[in-house]
Amino acid sequence: MTTSRKLQKVSYTYLRWLAYTDLAIIICVAVNVIVQYLRIRQYWIRYYEVHINWYMVNSLSSCSNLLITVTTIDRYLFVCHPLMFQGKRTQKAMNSIVGVIYAVSLLMNLIHTYDLVVISYVDKITKETYYYFQFNNFQDLFHTRIWPLTLEAVARLIPIACVLLLNPLTLRAHRQKTKKRREMQQRPAHEVEVAEKEERRLLVLLLTASVVFLVCVLPYAVISILTYRYTTFYSTSKIFYQLHASFYMIQATNYAVNFYMYSIASSEFRRSFKEAFRVLFRRYQGEVATEATSGTVAGTVSNGAT
């Protein structure tokens, strides 16, 4: 994303930040999985899981969902209202919107720094101290109703609604424009054929993004609301705990498959991805050639001195 010249265009701004955010989520989840697999029992590990990792994963997840929302709105305005949108789609404006999204996501999820608590217990046989975590049993209206519903609405339900409502409108407007271009020419020209191919790719991309986003995010949004409404279910019900963990991993899968979705649907994204590897390979070859030249010069100087 940083080496490809094509992906540095203004139209790819939200896509770049979405890729960075998804990568950060995958790293946080991977660290948590590794810690669980190694069964590390130190207090600081549990503290990191409860107060840092949990907060970062939820904040980045909200940020990724909002970036998808902004991308959908941006595509809708660009296709359906191009004149109104003209001149406002600048790099500075998009970076400002991304900054606001990150700030809002971090602030909205601050409560995740204390909604879990680390509990210790001593094994009666081994006399070793173990640490686990559980949800704080909040009983007030803000923690059980207002905040969970507001967070889920902003971070998940509104993005889902935007994707489902605006994508069909964007597709219809794009199809109408392609039809008009085709009617203006007696026989399809190369530009019209390219536009039709891009329309099909856009159709695949939008439908895939809508379905995957809905399937992966909606179940976790529902169970998150239930978790904060009925906090005892998480620690007392084995089925509820398994469902929560399963839906959590399904949501995490959404952030991992975005790359493959864009790779399948966009030929320009695939070309840019290949170009990035070519750039890295050329840089590596240049470094090897420089080292070889330096070694040759050093050897020649050494032989001359001898």
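Bear in mind that the values here come from a model prediction, so they are computed numbers and not experimental data. (Residues numbered from 1 in each chain as written. Predicted model: local features only at pLDDT ≥ 70, side-chain atom pairs only at ≥ 80, totals over all residues. Heavy atoms only, no water.)

Next up on the list: a nonpolar patch on the surface. Among the surface-exposed residues, Leu157, Leu218, Val222, Leu226 and Tyr230 lie close enough to one another that they form a single nonpolar patch of about 380 Å² accessible area. Tallying contributions element by element places helix 6 (residues 190-229) first for the nonpolar patch, with 3 residues. Position of Leu218 among the secondary structure elements: in helix 6. (Patch = residues over 30% accessible without salt bridge, like charges linked within 9 Å, V, L, I, M, F, W, Y side chains within 5 Å. Areas by Shrake-Rupley, 256 points an atom, 1.4 Å probe, with all protein chains shown as cover. Salt bridge = Lys/Arg side-chain N within 4 Å of Asp/Glu carboxyl O. Helix = DSSP H or I, 4+ residues; strand = E, 2+ residues; numbered from the N terminus.)

In this section: the environment of Val70. Among the structural elements, Val70 can be located in helix 2 (residues 43-80). On the accessibility criterion, Val70 (16% relative accessible area) is buried. Residues Val70 and Cys162 lie 92 residues apart in sequence; the distance between their C-alpha atoms is 9.0 Å. (Buried < 20%, exposed > 50% of the residue type's maximum accessible area, 1.4 Å probe, protein only.)

This next bit is on helix 1 (residues 13-38). If you check helix 1, its first and last C-alpha atoms are 38 Å apart, about what 26 residues at 1.5 Å a residue would give, namely 38 Å. Among all positions of helix 1, only Thr13, Tyr14, Leu15, Arg16, Leu18, Thr21, Asp22, Ile25, Cys28, Val29, Asn32 and Val35 are buried. Immediately beyond the C-terminal end of helix 1, within one or two residues, lies Arg39, with a positive phi of roughly 55°. (Expected span 1.5 Å × (residues − 1).)

On to the confidence of the model for the chain, then. Per-residue pLDDT for the chain has a mean of 75; in total, 70% of the residues score no lower than 70. For the chain, per-element mean pLDDT is lowest for helix 9 (residues 267-305), which scores 58, and highest for helix 4 (residues 91-108), which scores 91. (pLDDT = per-residue confidence, 0-100.)

With that settled, consider the packing of aromatic side chains. As enumerated under the stated definition, the model contains 3 aromatic pairs in all. Consider the rings of Trp17 and Tyr20, whose centres lie 5.6 Å apart with planes at 85°: the pair is edge-to-face. Linking Trp17 with Tyr20, this pair stays in helix 1, spanning 3 residues, or about one helical turn. Judged by relative accessible area, which is 30%, Trp17 ranks as partly exposed. On the numbers, 6.2 Å between centres and 40° between planes, the contact of Tyr43 with Tyr47 is tilted. Here Tyr43 pairs with Tyr47, and both are found in helix 2, just 4 residues apart, close to one helical turn. Grouped by ring-pair contacts, the aromatic residues Trp17, Tyr20 and Tyr102 constitute a single cluster. (Phe/Tyr/Trp six-rings, centres within 6.5 Å; stacked < 30°, edge-to-face > 60°.)

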